[in-house]
Structures are given as structure tokens and as C-alpha cells.
Amino acid sequence: MIRRSCLVPLGALCFCALFIATLASGPVSDVRQRSTARAQAPFAARIAALSEPAGYFDTDNLISNERSYLQILPDLERQTSQGGVYIGVGPDQNFSYIAAVRPSIAFLVDIRRENLLLHLLFKALFAEARTRVEYLTLLLGRRVPHDLDSWRDAGLDRLLSTADAAPDRAVIDALRSRLDQRIVRFGVPLSREDLATIDRFHRRFIESGLALRFESYGRPPQSGYPTYRDLLLETDAHGRQRNYLASEDAFQFLKSLHARDLIVPVVGDLSGPSALIAVGRLIRERGERLSAFYASNVEDYLFRYGRYQRFVQNLGGIPHDDRSVVIRSIFNRWLSGSRPGDLSTSRLQRVDELLSEVARGRIQSYQDLVSR
């Protein structure tokens, strides 16, 4: 997932609007009235308290475009501790990192409000599905196998075979209605347009299936970007399949976090005035510390728009220790040491090291950052 969507030029940021006004935009529907009545539920209240007004970027970000995203998992598990707090940007590649780090709580921070809506869809699917094969088939609108227990130890190849069938048109509309009812019960105020966006996102997964790719608006799809099938089958540096759907244990851990409202989508700019500060304050109140911060390639855009120092200030205010790490993705002209055919490479850096290097004036540009 290219993280262009986490930073946009300042002129495009909607900091003049209150977050609640952003949530309430569009015609009022009966569904929204029911959800507004539940807006003080802990999950919805936490999202509202932590979030900033939304911004825009011209990508769909339904899935990642980082084929290399799992390569760093052995190093991640070696360099950081399980438990603690996870923070990340973007869609469902976060789930694979969360399954590896096993945090007590996770915050998914993205400047695009569409990312919040996408994660509400994922949360509803986790609630609806009993097992990972059921989750995948519901996500892609395929028929759910009857013998779910026989799939618990299935390899990914067998799991993905369920998606090779055509979408089950007889159940899709009923499934969409059922998921929307779950989403409304989460208590986040939603307009008709919000629900239509969630429906559009889900139907993109259904129509494209495992062939789905990351897309930018107004630009043709890039053939070098991985498909959803590619991302699910991707391996770590030791050749092991490590996507969160590769094991029932990983899926059930994530399902448990979702059930307890401990995967929290937040609308916010990583260099913004309040979202990361509020997340850091909540972490401090919980007496915890950061385990991993997945920033993708947001730092490239932060440097471009002169906001990197503000991000570093926000990062430094998050409780962390000497095992806290930043996970970053490096694209295109900055690539070095990537696998043949990859358009990105993934790297780790200790938070303390990054903060120290910036404080000593050794990182003045994105090139300084990635070359070190």
C-alpha cells in the first residue's frame, strides 16, 4: 500500500472543518439517525476523540501495492517485543504486522476518511466470520464452505481456491445488508454517502476477486503492482507464508482484538496537530509503550511538503522504548537491495535511532533518511 494517501499538500487538507462535521456530511438518513444515537458507544467515541478532519489523496488504497511488505517480519520479531501498542497506516497489510507483533491495542491512522470506512467493513467481516475461510469468502462474495472445521488447518493455496469460483449473486445483496446492519451498530455516525462508499468498496473486492490491484484515480493501473492473490501468498525473508490469512491462529487473534474494539481506525495526518498526540496520550494513560509504527512511504511526502519535523515531534511524544521500531517502505528511485521484480523494499529502524539522527541534524532530506 503506497502511503501517498497519508499526506497531501496543505491546500488540500480540510483542517478548517470539525471532524464531526466531516462525519455528518451528506443527507441525513434513518440509518444515520440510528447510528448517531449510538455515537457515544466507546468504540465510536474513541474514534471521534482521536481523529482530525479528513484530507484527500487520489488513491483507492483498498489493498497494498507493497509486494515486499512481509520480508521484514523475521527482523521485526527479533528487534521488537510482543505486546505494547501498534500504530499503522492504510488497509489490511496492517493485520499481518499486528498478527506478528501481538499488541494489546492497535491504531490505524490515515488522513483519508475512506480508510476509516474501509476498516469498518473489515471489522464487520471479522464479526460475521467464524474462521478465516469464511472471512475470505465473505470479503470476495463467494459461497461459504459448509464444513468450516475442515478448513482450519488448510494451506493458503486451498483457501484461495474458494475465491476462484464466480461470485455468489444469490447472497451478495443479503450479505451487504447484513454487514451494513453490523456497521451501524458500531455507533460511528454515517451518512448515506458513507454507506454507499462502503458498499462500493466491498463490491470492488467482489467483482475483482483475487485479481484486485491498488489503483490511483485518473491514472491507469500499474502492471507491476501486486494483485490481492500475490499479497496473500507473499512470504517473509525465510520463505514462510505470513499473511494474516495464512494461519487460523493469526486470524483468531485479530478477530479477538476486533471483538474487543482494540483495532481502532483514526482519521489523522501523521504530521497533524492532534491525532498522533492524542494517541500518544492514550498510550501513556494505559501505561504502555509503542512496539511498532508502520509508516509505509509517508515520510517521502512529509519531506516534500516540509512537514517531517512535525511528524518527528509527534513520534517523539509517543511512549516508546529501545525496542520500538518504525517500519517503512521505499519505492522507485530510492530502491536499493530489493528483490528482482519488486517495486518496493521494506526496512526497519529503531525509533530512538531515528529521533537521535534527526536531533543531530543528520537527516535533512528523504534521501538522507533512506540512505542511512
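Residues numbered from 1 in each chain as written. Predicted model: local features only at pLDDT ≥ 70, side-chain atom pairs only at ≥ 80, totals over all residues. Heavy atoms only, no water.

Peer 1: When you look at the side chain of arginine 242 in this model, what are you seeing that I'm missing?
Peer 2: Position of arginine 242 among the secondary structure elements: in the loop between helix H11 (228-233) and helix H12 (248-259). On the basis of relative accessible area, arginine 242 is assigned to the buried category, the value being 19%. Within the local environment of arginine 242, its side chain forms a polar contact with the side chain of aspartate 236, the two groups lying 3.2 Å apart. Once residues lying within four places of it in the same chain are set aside, the contact partners of arginine 242 are Leu70, Leu73, Glu77, Ser96, Ala100, Glu234 and Asp236. (Helix = DSSP H or I, 4+ residues; strand = E, 2+ residues; numbered from the N terminus. Buried < 20%, exposed > 50% of the residue type's maximum accessible area, 1.4 Å probe, protein only. Polar contact = N/O pair within 3.5 Å; in protein donor to acceptor, adjacent residues only side chain to side chain. Contact = heavy atoms within 4.5 Å.)

Peer 1: Help me understand the sheet that holds strand E5 (residues 320-331), please; the structure alone is not making it clear to me.
Peer 2: To summarise the sheet geometry, strands pair through backbone hydrogen bonds and adopt either a parallel or an antiparallel arrangement. The 6 strands lie next to each other as E3-E2-E1-E4-E5-E6, forming an open sheet whose pairing is mixed. The open sheet terminates on both sides in strands that have one partner only, identified here as strand E3 (263-267) and strand E6 (344-350). On average, each strand axis in the sheet is inclined to that of its neighbour by 15 degrees, with strand direction left out of account. As defined by bridge partners, strand E1 (residues 85-88) adjoins strand E2 (residues 105-110) across 4 bridges and the pair is classed as parallel. Along E2, the bridge assignment pairs valine 85 with isoleucine 105. Running at roughly 160 degrees to strand E4 (residues 290-296), helix H5 (residues 93-101) makes contact with E1, E2, E3, E4 and E5 of the sheet. (Pairing = 2+ DSSP bridges. Axes fitted to C-alpha atoms, helices over the stretch in contact; angles between N-to-C directions.)

Peer 1: I would appreciate a short explanation of helix H13 (residues 275-285) in the present structure.
Peer 2: Each turn of an α-helix holds 3.6 residues, which means side chains three or four residues apart point in the same direction. Buried within H13 we find Ala275, Leu276, Ala278, Val279, Gly280, Leu282 and Ile283. Where H13 is buried, its residues touch helix H3 (42-50), E1, E2, E3, E4 and helix H15 (308-316). Backbone geometry just downstream of H13 places glycine 287 in the positive-phi region, at approximately 70 degrees.

Peer 1: What's the story with the nonpolar core in this structure? I'm lost.
Peer 2: Generally speaking, nonpolar side chains in soluble globular proteins are found buried as a group. Core analysis: the largest hydrophobic core is formed by 109 residues, its most contacted members being Ile87, Phe107, Tyr135 and Phe293. The element best represented in this core is helix H6 (residues 113-128), accounting for 9 residues. (Core = buried A, V, L, I, M, F, W, Y, C linked by side-chain atoms within 4.5 Å.)

All quantities given are derived from atomic positions and should not be read as evidence of function.
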